Amino acid sequence: MLTISLLLAIASFVSPVNFEISLAGNFGEPRPNHFHGGLDIKTQHEEGKPVHAIGDGFVCKVSVSSTGYGNAIFVRHPEGYTSVYAHLQRFAPAIEAKVKQWQYAHQSWDGEIPFNATDCPVVSGQVIALSGNTGASMGPHLHLEVHQTDSWDMYDPLEFLPAGTVKDGKAPEATAIMAYPQQGEGVFCGKGGKLLLTIKDGHLPDSLTAWGKVGFAICADDFMEGSSNHYGVRYTSLFVDGVEVFHSDVNGIPSDMNRMVNSWGDYDEFKENKRWFLKSFVEPGNLLPILTTDVHKGMVAFDQEKTYHLKYVLTDFFGNSKTYEFHIAGKKQVIPPSEKGEGSSHELKWDEDGSVEQAGVRLTVPKGCLPDDTYLYLAVDTSHWSGKYVFAKKSTPLFHAADIALRVARPLADSTKVFIAADGHYLGGKTDREGWVSATTRDIGGVFSLVYDDRSPTVQPIDKGKWAETETIVFEVKDTLSGIERVEGFIDGQFVLFEPVPHSPKYVCRLKKTPAKKANRQRTLTFVAWDRRQNKQQVSDQLNY
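Parameters and conventions
Residues numbered from 1 in each chain as written. Predicted model: local features only at pLDDT ≥ 70, side-chain atom pairs only at ≥ 80, totals over all residues. Heavy atoms only, no water. Helix = DSSP H or I, 4+ residues; strand = E, 2+ residues; numbered from the N terminus. Buried < 20%, exposed > 50% of the residue type's maximum accessible area, 1.4 Å probe, protein only. Contact = heavy atoms within 4.5 Å. Areas by Shrake-Rupley, 256 points an atom, 1.4 Å probe, with all protein chains shown as cover. Lys, Arg positive; Asp, Glu negative; His and termini not counted. Charge placed at Lys NZ, Arg CZ, Asp CG, Glu CD. Core = buried A, V, L, I, M, F, W, Y, C linked by side-chain atoms within 4.5 Å. Pairing = 2+ DSSP bridges. Axes fitted to C-alpha atoms, helices over the stretch in contact; angles between N-to-C directions. Salt bridge = Lys/Arg side-chain N within 4 Å of Asp/Glu carboxyl O. Phe/Tyr/Trp six-rings, centres within 6.5 Å; stacked < 30°, edge-to-face > 60°. Expected span 1.5 Å × (residues − 1). Polar contact = N/O pair within 3.5 Å; in protein donor to acceptor, adjacent residues only side chain to side chain. Disulfide = S-S within 2.5 Å.

Enquirer: Pulling in residues and values, what's your account of the overall build of the protein?
Expert: Along the backbone of the protein there are five helices and 44 strands. Judged by the C-alpha coordinates and their principal axes, the protein covers about 90 × 65 × 40 Å. Here the protein holds 545 residues, and the buried ones make up 50% of them. When contacts within the protein are restricted to residue pairs at least 6 apart in sequence, long-range pairs at least 24 apart make up 67% of them. When the accessible surface of the protein is summed, it comes to about 25,300 Å², and 49% of that surface belongs to carbon and sulfur atoms. Of note, the protein has its 55 positive side-chain charges centred 6 Å away from the centre of its 67 negative side-chain charges.

Enquirer: Mind laying out the nonpolar core, listing which residues take part and the relevant values?
Expert: Ile73, Tyr85, Ile95, Ile128, Phe188 and Phe216 are the most contacted members of the largest nonpolar core, which totals 105 residues. Looking at which element gives the most residues to this core, the answer is strand 17 (residues 209-221), with five residues. Ile95 has contacts with Val59, Val62, Ile73, Phe115, Cys120 and Ile128, leaving out every residue within four places of it along the chain. Ranked by size, the runner-up nonpolar core spans 26 residues in total, among them Val356, Leu370, Leu398 and Ile420.

Enquirer: Can you break down the sheet that holds strand 43 (residues 522-531) residue by residue, with the values?
Expert: Taken in spatial order, the four strands line up as 40-39-43-44 in an open sheet, and their pairing is antiparallel. Lying at the two open borders of the sheet, with one neighbouring strand each, are strand 40 (494-496) and strand 44 (536-544). Looking at each pair of strands side by side, their axes are set apart by 25° on average, direction ignored. Examined bridge by bridge, strand 43 and strand 44 share nine bridges and lie antiparallel to one another. Within strand 44, the position partnered with Gln522 by the bridge is Asn544.

Enquirer: Please give an account of the pattern of salt bridges that cites residues and values.
Expert: Taken as a whole, this structure holds 25 salt bridges when the rule is applied. Notably, a salt bridge pairs Glu185 with Lys213, separated by 3.5 Å at the nearest N-O pair. Of this pair, Glu185 sits in strand 15 (residues 173-188) while Lys213 sits in strand 17, placing them 28 residues apart in sequence. Residue Glu185 is classed as partly exposed on the basis of its relative accessible area of 40%.

Enquirer: Tell me about the packing of aromatic side chains, residues and numbers included.
Expert: Both the distance between ring centres and the angle between the ring planes are used here to describe each pair of aromatic rings. All chains considered together, the criterion is met by 23 aromatic pairs. With a centroid separation of 5.1 Å and an interplanar angle of 85°, the aromatic rings of Phe317 and Phe318 are classed as edge-to-face. For Phe317, a relative accessible area of 27% puts it in the partly exposed group. Summarising the aromatic geometry, the rings of Phe419 and Tyr426 are spaced 4.8 Å apart at their centres and angled 50° between planes, so their arrangement reads as tilted.

Enquirer: Got a sec to walk through the sheet that holds strand 38 (residues 472-478)? Specific residues and values, please.
Expert: Strand pairing in a sheet takes place through backbone hydrogen bonds and is either antiparallel or parallel in direction. With antiparallel pairing, the four strands of this open sheet are ordered in space as 37-38-42-41. Only two strands of the sheet have a single neighbouring strand rather than two, namely strand 37 (458-462) and strand 41 (499-500). Both strand 41 and strand 42 (residues 506-510) contribute to a ladder of two bridges, which runs antiparallel. When the sheet's bridge partners are listed, Glu499 is paired in strand 42 with Val508.

Enquirer: Quick rundown of helix 2 (residues 93-106)? Include the residues and the values.
Expert: Because each turn of an α-helix spans 3.6 residues, side chains separated by three or four positions end up pointing in the same direction. End to end, helix 2 covers 20 Å across 14 residues, agreeing with the expected 20 Å (1.5 Å per residue, within 8%). Within helix 2 the residues assigned to the buried category are Ile95, Val99, Lys100, Trp102, Gln103 and Tyr104. One or two steps after helix 2, the chain reaches Gln107, where phi turns positive at roughly 45°.

Enquirer: Any chance you could break down the environment of Ala402 for me, citing the residues and the numbers?
Expert: Positionally, Ala402 belongs in strand 31 (residues 397-407). Those residues within four positions of Ala402 in sequence are excluded, and the remaining contacts are Leu363, Thr364, Val365, Pro366, Ala439, Thr440 and Thr441.

Enquirer: Let's hear about the pairing of strand 19 (residues 243-249): which residues, and what values?
Expert: When a strand is regular, its side chains alternate between the sheet's two faces. Note that strand 18 (residues 235-240) and strand 19 share six bridges and pair antiparallel. Its bridge partner lying in strand 19, Val240 is registered against Val243. The antiparallel hairpin formed by strand 18 and strand 19 contains two residues in its connecting segment, where Asp241 sits at a positive phi of about 50°. In terms of strand pairing, strand 19 meets strand 21 (residues 291-293) through three bridges, oriented antiparallel.

Enquirer: How would you summarise the environment of Trp467 if you had to cite specific residues and measurements?
Expert: Among the secondary structure elements, Trp467 is positioned in helix 5 (residues 467-470). Trp467 gets classed as buried once you look at its relative accessible area, which sits at 3%. In sequence terms Trp467 and Tyr155 are 312 residues apart; their C-alpha atoms lie 46 Å from each other. Each residue touching Trp467, except ones within four places of it in the same chain, is listed here: Pro461, Ile462, Thr472, Ile473, Val474, Phe475, Leu525 and Leu543. In terms of polar contacts, Trp467 uses its side chain to reach the backbone carbonyl oxygen of Ile462, at 2.9 Å.

Enquirer: Could you give me a rundown of the side chain of Glu471, with the residues and numbers involved?
Expert: Mapped onto the secondary structure, Glu471 falls in the loop between helix 5 and strand 38. A relative accessible area of 14% means that Glu471 is categorised as buried. Within the structure, the side chain of Glu471 is placed 3.4 Å from the side chain of Tyr545, a separation counted as a polar contact. Here Glu471 is in contact with Lys466, Cys509, Arg510, Leu511, Lys512, Lys518 and Tyr545, once residues within four sequence places are set aside.

Enquirer: Summarise unusual backbone geometry; cite the residues concerned and give the values.
Expert: If you check the backbone angles, Asn33 has positive phi at about 75° while not being a glycine. Mapped onto the secondary structure, Asn33 falls in the loop between strand 2 (30-31) and strand 3 (34-35). Residue classification places Asn33 among the partly exposed positions, given a relative accessible area of 26%. Unlike most non-glycine residues, Cys189 shows phi in positive territory, near 50°. Among the residues examined, Cys189 registers a relative accessible area of 28% and is labelled partly exposed.

Enquirer: I'd like a rundown of the state of the cysteines, residues and numbers included.
Expert: Covalently bonding the sulfur atom of one cysteine to the sulfur atom of another cysteine gives a disulfide. Under the counting rule described, the total for this entry stands at zero disulfides. Cys189 supplies the cysteine sulfur nearest to Cys219, a cysteine that is in no disulfide, at a spacing of 19 Å. Taking relative accessible area as the criterion, Cys219 reaches 7% and is therefore assigned buried.

Enquirer: Please provide a residue-by-residue account of the environment of Cys219, values included.
Expert: One can find Cys219 in strand 17. Placed 20 residues apart in sequence, Cys219 and Ile199 show a C-alpha to C-alpha distance of 9.8 Å. Ignoring any residue separated from it by four or fewer positions in sequence, one finds Cys219 in contact with Glu173, Ala174, Thr175, Ala176, Arg275, Trp276 and Phe277.

Written out as structure tokens, the structure is:
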């Protein structure tokens, strides 16, 4: 909870941009495996907009990556918070100089560069970067986050921006509700499985009946004037006969509970139909503090033959609110027996360590990884280097990583070249003396198998004839198995920085920004690319520079 002193300090924070803010995304929107951790601020379809520090403090870290945040700045504030500015095109000169110094010292383009408190102090409103489209960005914008520095809990940046910075007079709206009768314990409209209820003109269908334990979820979005974007809903409440049984306030999310969004949301429904139904009941392994319920964990007990009055209230950050009310008749009905676990090979308890051990495979799932008890359906097939193993019939994301090991089925020429893949995607792997290859996974769905990679990446020069004229060297680098890990470049043996071109397999070296000064003579250029199994491709050429 924010103290009065912190609230007063936060009042001095400012906007990160010098134009009216329009949002492409808001804080806490549910995404597969994570909540959206900040505000996506539109930059008028352009890169290069000035980005301002939202408060006094100092740059404590800069991260550079071709994925995730892309180019990002972390500013620590004396109020106990750290603001993050991501997908940046360029850093301010003082920050850029420190980053370049680190990159050349470590001969690496990407990394997390620590700053001392005295390296780059900033004042509220100071320009620290230009906006961009780097990392996992899908278009030019600024991603702004605010974290509590000590805990790294994620907070809604709207709490920190001055009133009126973002304008919104539109209330959230719901499109459907899903009913979840609990297997063997409840029935809804005569069915034991989940049932979709479409909202039309603000109303649900009539003649709804239920008996036993039933949970509910709502599909809803928030909106803002002047934008076609859909946003997450800040507050959701469910009332049954006037008593609140569930409440969510999407703020102050612990970063290590990010993946619990897959439990709050109906993950299977999202994977199939690309829409989030957020549950108004809480599974036992879901510890998100942003969700509060009654003693029944938000489940509704239809145990009387009467009419139950249910009401959802949706409210956004600005107080715009919308209510949906519906009635369900408690009616004694036959509750179908539970079919949980039928045909399964193993059961994993959400509150216990679990494991699967068979010839050729070991899976260890620590307690706290699952939202509820989970059944596995182990299926085994053969592949070239190991068995092929399927544990679940569908994608089954975990809150934390599980350990998986596969045994090599035939002799290896080089044990460092083999890795575990899930549906063909690289997980990694370390081979022990007994021929077991180990890695970690955060989803126990898919097909797990071993892949052997002794192929070098491919390196292709691009527009080689223009390198000297443009003072820009470009290579295209690809790898079809384990994927590219890193690249390095040298001119006459001196390291020069190559950086990835966003959303492209290309790497570029801008000679004017390197220590290799122009001498108008033949120079030897060396470029090396490694994949994640340490296969490398090296090319050398002459450069007139």
